[in-house]
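Here is how the chains run, residue by residue.
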Amino acid sequence: MPVVEIRGLRKRFGSNEVLKGIDLDVEPGEVIAIIGKSGSGKSTLLRCINGLETFDEGSLTVDGKPLLHDDRAAMRALRQRVGMIFQSFNLFPHLTVGGNVMLAPELVKKRGQPAGAQQARLLLARVGLAEKFDAWPDQLSGGQQQRVAIARSLAMEPAVMLCDEITSALDPELVGEVLRVVEGLAKDGMTLLMVTHEMNFARKVASRVVFMHAGKIHEMAPPDELFGAPKTPELRQFLSALHN
Amino acid sequence: MTFDFGAVLAQWPLLLRGALVTIGLTAVSALVGGAVGVACAWARSEGPGWLRWIVGTYVELVRNTPFIVQLFFIFFGLPILGVRLSPTFASILAMVVNLGAYATEIVRAGLMATPRGQIEAAESLALNRWHIYTRVVLPPALRKVWPSLTSQIVIVMLGSAVCGQISTEDLSFAANLIQSRNFRAFEAYLIATAIYLGLAIGLRRVLNWAGPRFLFGRL
Amino acid sequence: MVDFTLWDIVRNLLLAARWTVVLSLIAFVGGGLVGAALLVLRLWGGRRSHAFVAGYVQLFQGTPLLMQLFLAYFGIALFGIQTSPWFAAALALTLYTSAFLTEIWRGCVASIPRGQWEAAVSLALDFLEQLRYVILPQATRIAVPPTVGFLVQVIKGTALASVIGFVELTKAGTMITNATFRPFTVYACVALMYFVLCFPISAWARSLERKLHARR
Ligand SMILES: Nc1ncnc2c1ncn2[C@@H]1O[C@H](COP(=O)(O)OP(=O)(O)OP(=O)(O)O)[C@@H](O)[C@H]1O
Ligand SMILES: [Mg+2]
């Protein structure tokens, strides 16, 4: 059974239709890379999946449960299954690194002090930041902050992780350390949907690549096929623009 | 509980006159107080040390005392020194003094935002200090702080309601007069309050409209 | 005419200044509580409560405090309750303060980047948890300087309670003037006392503001 099942998803901002009917199934353990021009609706699609945006038509299920915007309890349950990492990290500046990671498990999963701290330390070790437990977010580099954000999201033990251009705000030399963490997650079997401009990374790690164009999934295929033999002129143009 | 708004509204000529006086007081003190603010802002950022100190003291004294005390000091206190003031003049003086202090701080904040490079460009064009201040530094500063200045003028207009207490015949005075005649205090003050609200909204609109047209050019 | 020395004047004014302080504290604390409730209502409630709070703020910020005091004074009487200047002043100043504080705090909450809310949402926190554990701790830090600064406005605002007969510093000044015929001295003393009360708070607010900006 797919973890995420999207059928005929449509989303409008006023009169501007941004998603024009999206169909997508994501199987457990799959890594989906989403590429496409700016404004093609990539972020909006991800944000619909964890309910940051409401959609107008179609259906969306996670773990077989439909997304119901008006049902607070259902949304809370859904968001425990779906984690999200943002381009701008969005660490909570008033909490330490450890505090950032422990906050949600403590509030939502009612995890007590020793257990929460222990889990946080393990997760920070997993992203290579074991020694930063007591540091403040503004003492970290961008790459380190993004890795903390990943650990924070993992603390909720999500079934799916959404990553929206998570390396775009980073200096080039810091991109690698974040991508390595993501690659590790993929190897461990995490289901990932990631919007990315790192084509080499998509080629290496993704099980499928989705090319979005004008609010639709224009092409979708395993990376070798999609990058090696693009079928539509739009994708060809997009890819050739990248190389120049 | 029965209300009789009719008894108050029947006195509309009084209310109208009062509202006009309030508008007049506000207009005069906005113009003069604004000018005081601009002058003091210049003195405080460009003037000699002693002048900065005087202006700084003036600003702090005014901002840390209530308007009603300033008004009473001017109206009741100054005559002892041989200065006789009519209620209207005392009111205007108090409002100018009050607005001037706040405007000084507001304009000064705007002045600090003018990029150094623009002043240097003006200097390299051989403009004199007066021209640099009035033509180069001031317009963008005013544009930047116009919303704050507008709010402050509205605050001064609303604050002027206490001027009725020294029998300046403004809107609050009209309300006092009406309620002393017909004992409909709540209704009289409610209607006066509504008129003040209308004046505040209208004044804000007028200032938002007028600023860009007459003071600092279109954006 | 009684012979008042300068010390007599100052002593009587100081005694009255206690009530200025008490009334200010009541208005500030009461206004803070009402203002906080309004803030939650505005952030949490639907369109209607949003409009209600906006209208409330507009009403109190767009009309003279003096008129609000009169309306409270004569309005309470309409309910057949025996009015006292005390109660009317405390009520009017509390409502007035709440309108300003809720607006100040709303601005502080609005200045927290949207990403903070979104990150908290994504971690499955519910609205009150987002507010309490993520947004308010950050908003409080930036809210402290303007809130302290507004205390000065409250203290100055209490001077208007003199007009409805509440005996605080300004009213005492008027009474002493009537007894001594020395308005210049008396009002100068009154002004000075307000200054002594307000200036340190203003200076404190400014230094808090500076520290906040320095830490960024
Ligand atoms: N909150 C919003 N209100 C109105 N329009 C929006 C909003 N968010 C996004 N849009 C519009 O929706 C369209 C798609 O936006 P989206 O952010 O999904 O694009 P994207 O593919 O992620 O682009 P980018 O690569 O620049 O991030 C754009 O035209 C954008 O202007
Ligand atoms: Mg995007």
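We now turn to the structure provided with this report. Everything quoted here is computed from the prediction, not taken from an experiment. (Residues numbered from 1 in each chain as written. Chains lettered and ligands numbered in written order. Predicted model: local features only at pLDDT ≥ 70, side-chain atom pairs only at ≥ 80, totals over all residues. Heavy atoms only, no water.)

1. Thoughts on the overall build of chain C
Link 1 in the chain: From N to C terminus, chain C includes eight helices and zero strands.
Link 2 in the chain: The order of helices and strands in chain C, counted from the N terminus, is α-α-α-α-α-α-α-α.
Link 3 in the chain: Overall, the C-alpha framework of chain C stretches about 75 × 50 × 20 Å when taken along its three principal axes.
Link 4 in the chain: The burial tally for chain C puts 52% of its 216 residues in the buried class.
Link 5 in the chain: Of all intrachain contacts in chain C linking residues separated by at least 6 positions in sequence, the fraction that spans at least 24 positions is 74%.
Link 6 in the chain: About 9,800 Å² of surface is accessible on chain C, with carbon and sulfur atoms providing 69% of the total.
Link 7 in the chain: Side chains of chain C carry 17 positive and 8 negative charges; the gap between the two charge centres is 4 Å. (Helix = DSSP H or I, 4+ residues; strand = E, 2+ residues; numbered from the N terminus. Buried < 20%, exposed > 50% of the residue type's maximum accessible area, 1.4 Å probe, protein only. Contact = heavy atoms within 4.5 Å. Areas by Shrake-Rupley, 256 points an atom, 1.4 Å probe, with all protein chains shown as cover. Lys, Arg positive; Asp, Glu negative; His and termini not counted. Charge placed at Lys NZ, Arg CZ, Asp CG, Glu CD.)

2. Examining the pairing of strand β6 (residues 82-85) of chain A
All names here are of chain A.
Link 1 in the chain: Residues V82 and M84 point to one face of β6 and G83 and I85 to the other, with burial holding for every one of them.
Link 2 in the chain: By the bridge criterion, four bridges tie β6 to strand β7 (residues 160-164) in an arrangement that is parallel. Residue pairing in the sheet places G83 in a bridge with M161 of β7. (Pairing = 2+ DSSP bridges.)

3. Focus on the sheet that holds strand β8 (residues 191-195) of chain A
For sheets, the rule is that strands pair by backbone hydrogen bonds, running either parallel or antiparallel.
Residue and element names in this part refer to chain A.
Link 1 in the chain: On the basis of which strands lie adjacent, the open sheet formed by six strands has the order β6-β7-β8-β3-β9-β10 and mixed pairing. Edge positions in the sheet fall to β6 and β10 (216-221), since each has one partner strand and no second. Strand-to-strand twist across the sheet, computed as the mean angle between neighbouring axes with direction ignored, equals 20°.
Link 2 in the chain: Contacts from helix α2 (residues 72-81) reach β6 and β7, with the element oriented near 65° to β6. (Axes fitted to C-alpha atoms, helices over the stretch in contact; angles between N-to-C directions.)

4. Considerations on the interface of chain A and chain C
Link 1 in the chain: Opposite the 23 residues of chain A that make contact, chain C presents 18 residues.
Link 2 in the chain: Taken as a group, A:F92, A:H94 and A:L107 account for 28% of the area that chain A buries against chain C, more than any other trio of residues on that side.
Link 3 in the chain: The tally of links from chain A across to chain C stands at three salt bridges.
Link 4 in the chain: One salt bridge connects A:R76 with C:D126, and the closest N-O pair in it is separated by 3.4 Å.
Link 5 in the chain: Scanning the region where chain A abuts chain C turns up eight residue pairs in polar contact (both at pLDDT 80 or more).
Link 6 in the chain: If you list the elements that add at least two residues to the side of chain A that touches chain C, you get α2, β6, α3 (97-108) and α5 (142-154) of chain A.
Link 7 in the chain: Class assignment of the residues belonging to the side of chain A that touches chain C gives a composition of twelve nonpolar, five polar and six charged. (Buried area = accessible area lost by both parts, 1.4 Å probe. Salt bridge = Lys/Arg side-chain N within 4 Å of Asp/Glu carboxyl O. Polar contact = N/O pair within 3.5 Å; in protein donor to acceptor, adjacent residues only side chain to side chain. Nonpolar A, V, L, I, M, F, W, Y, C, P; charged D, E, K, R; others polar.)

5. Thoughts on the packing of aromatic side chains
Link 1 in the chain: Counted by the stated rule, this structure contains 23 aromatic pairs over all chains.
Link 2 in the chain: Centre to centre, the rings of B:F75 and B:F76 are 5.0 Å apart; their planes meet at 75°, and the pair counts as edge-to-face.
Link 3 in the chain: Look at B:F75 and you get buried, because its relative accessible area is 17%.
Link 4 in the chain: Classification of B:F76 by relative accessible area gives partly exposed; the value is 32%.
Link 5 in the chain: With 6.0 Å between their ring centres and 20° between their planes, C:W117 and C:F127 make a pair best called stacked. Of the two residues, C:W117 sits in helix α5 (residues 114-122) while C:F127 sits in helix α6 (residues 127-158), which places them ten residues apart along the sequence.
Link 6 in the chain: Residue C:W117 is classed as buried on the basis of its relative accessible area, which comes to 17%.
Link 7 in the chain: Classification of C:F127 by relative accessible area gives buried; the value is 16%.
Link 8 in the chain: Three or more aromatic residues joined by ring pairs form one cluster here, namely B:F72, B:F75, B:F76 and C:Y187.
Link 9 in the chain: The ring of A:F13 is capped by A:K11, whose NZ or CZ atom sits 4.8 Å from the centre of that ring.
Link 10 in the chain: Across from the ring centre of A:F92, 4.4 Å away, lies the NZ or CZ of A:R152, which sits over that ring. (Phe/Tyr/Trp six-rings, centres within 6.5 Å; stacked < 30°, edge-to-face > 60°. Lys NZ or Arg CZ within 6 Å of the ring centre and 35° of its normal.)

6. Considerations on the pairing of β7(A)
Residues and elements named next belong to chain A.
Link 1 in the chain: Most of β7 sits out of view: five of its five residues are buried.
Link 2 in the chain: Of the two faces of β7, the one lined by V160, L162 and D164 and the one lined by M161 and C163 are each fully buried.
Link 3 in the chain: Judged from the five bridges that link them, β7 and β8 form a sheet pairing that is parallel. The residue of β8 that forms the bridge with M161 is L192.

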